[in-house]
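# Per-entry structural report
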Amino acid sequence: MNEERLYKYFEKDFYIGAAVSPRVLKHKSQFVANHFNSITAENQMKFEELQPKRGEFQFDTADKMVQYARDNGLKMRGHTLVWHNQTPDWVFTNEDGSYVTRDVLLARMEAHIKEVVTRYKDDLYCWDVVNEAIDDKEGFLRQSKWLDIIGEDFIEKAFRFAHQYAPNAQLFYNDYNAVIPEKRERIYKLLKSLVDQGAPIHGMGIQGHWNIYWPNEDEIRKSIELYASLGLKIQITELDISMFEGEDKRNPGLVAPTKEMLKLQEEQYERIFKIFKEYRDVITAVTFWGVADDYSWLDYFPVFNRKNWPLIFDEKGEPKESYRKIIAIK
Ligand code: HAH
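Below you will find a few notes about this structure. (Residues numbered from 1 in each chain as written. Predicted model: local features only at pLDDT ≥ 70, side-chain atom pairs only at ≥ 80, totals over all residues. Heavy atoms only, no water.)

## Some points on the layout of surface pockets
Taken as a whole, the largest pocket encloses approximately 830 Å³ of empty space. Tyr176, His209, Trp297, Leu298 and Phe301 are the residues nearest the centre of the largest pocket, which is lined by 34 residues in total. Among the secondary structure elements, those contributing two or more residues to the lining of the largest pocket are strand E7 (209-211) and strand E8 (233-242). For the lining of the largest pocket, the residue count by class is 12 nonpolar, 13 polar and nine charged. (1 Å grid on protein atoms, 1.4 Å probe; cavity = no way out; pocket = protein on both sides within 12 Å on 5 of 7 lines; lining within 4 Å. Points joined across faces, edges and corners; volume = space filled by probe spheres on them. Helix = DSSP H or I, 4+ residues; strand = E, 2+ residues; numbered from the N terminus. Nonpolar A, V, L, I, M, F, W, Y, C, P; charged D, E, K, R; others polar.)

## Focus on empty space enclosed by the protein
According to the stated counting rule, one finds one cavity of 30 Å³ or more in the structure shown. There is about 70 Å³ of room inside the largest cavity. Lining the largest cavity are Val82, Trp83, His84, Val130, Asn131, Glu132, Ala133, Arg142, Ser144, Trp146 and Phe154. A breakdown of the residues in the lining of the largest cavity according to their chemical character gives six nonpolar, three polar and two charged.

## Comments concerning the pattern of salt bridges
Close approach of charged atoms allows side chains with opposite charge to pair. For the coordinates displayed, the defined rule picks out 22 salt bridges. As a salt-bridge pair, Lys145 and Asp89 come within 3.7 Å of each other at their nearest N and O atoms. Here Lys145, found in helix H5 (residues 145-150), pairs with Asp89, found in the loop between strand E3 (75-82) and helix H4 (102-119); they are 56 residues apart in sequence, far enough to count as distant. Assessed through its relative accessible area of 29%, Lys145 is described here as partly exposed. Between Glu217 and Arg221 there is a salt bridge whose closest N-O contact spans 3.2 Å. Here Glu217 and its partner Arg221 are both found in helix H8 (residues 217-228), four residues apart, which amounts to about one turn of the helix. On the basis of relative accessibility, which here comes to 34%, the residue Glu217 falls in the partly exposed class. Through salt bridges that share partners, Glu266, Glu321, Arg324 and Lys325 make up one connected network. (Salt bridge = Lys/Arg side-chain N within 4 Å of Asp/Glu carboxyl O. Buried < 20%, exposed > 50% of the residue type's maximum accessible area, 1.4 Å probe, protein only.)

See the structure below:
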C-alpha cells in the first residue's frame, strides 16, 4: 500500500478533492481514497441525471458514489442544483411546449431541491446551489430560462430552498472566469446582494479552470480577498491547468506534453498553491476537476479530441513534477 498521500500535505490548510465518475471509481477507487479526502460527482448529481423526467428521480448512480465516500471516510460536495446546462427541457415547459409560469417553475425548483438535498443531507457537507449565473461579456445575469421565467430572484430562491431542506449544508455560488476583473465585479455584486438580503449563502466557489499562462497571482489574490470581504468562505471547486489557451486549435497532434508546457504548468501549480496556502483561513477546500491525465473533460472541451494534461498525476497515475512542487510548499 502506497504511503504517499496528497491530502496529508494540506491537512492543516483545506480539503483536497477530486471530481470523479463511476468509471473513475471503478478503476481508481483505492487511488482516489489514498490521495484525496473529498470528492465531487463530475456529472451524476446534475438535474438531468437526477430527474430526467418530471417526478421520476434516478438516484442509483449518485447513491453509489455517496456510499463510496461514506465507506472511505471522504467528504463529498454536491454539484449542482440550479444551472442553465444539463437541465432537461421539461423543467421549463408545459406539455404543449409553451413555457411554464413563474409559480410553476418555482414549484419545480423547490420540488427538485427538496428531494435531492433532503436525501443527501447527512452525506454532502456543501452544495453548489447555483452554477454560472453571471454573464461572461456584459450585462449582469446570464440569459437563461431560469432568469426569463422566474426573474432575477431565482438565485435567492434556490438558496432559500436549499437551506430550508438541508439546514446544515454550506451553500455555495459557483462560477468560472471568477478571477477576471469585469466578471469578478459582477459576481461580487450578485454575492453582495444575496448577503444584503440575508440569503443563506456561505461560500464562493471559484471553479479554477485555468491554464499554463493565466491567471496571474494578482488576479487570484484580489478575487479571493474581494469575495472573502463579504464574510464568505472560498473554495477552488474545479481546478485544472490546461496546456492550451481557450480554443487554440494548434495542438499539433501532440501525444505528450512538451517539456516547456510541463515546466510552465509546474510553475503555475506552485504559484497558485502558494497563494491557496497563504489564504488557508478563508479557503476551505481545493478540488481538482479530475484525478489523473488519462481522462479529463478538457480532452473534449472546448476543442473535441484535443488531448490535454491538466492535472498533477500523469496518464499512468504517477505524480508529476507539479505534484512534487506543491507538496514542497511550506
Ligand atoms: C464547468 N463549467 C461545470 O461547472 C462542470 O459541471 C462541468 O462538468 C465542467 C465545467 C465550465 C465551463 C462551461 O460549462 C462553459 C464554458 C466555460 C466553462
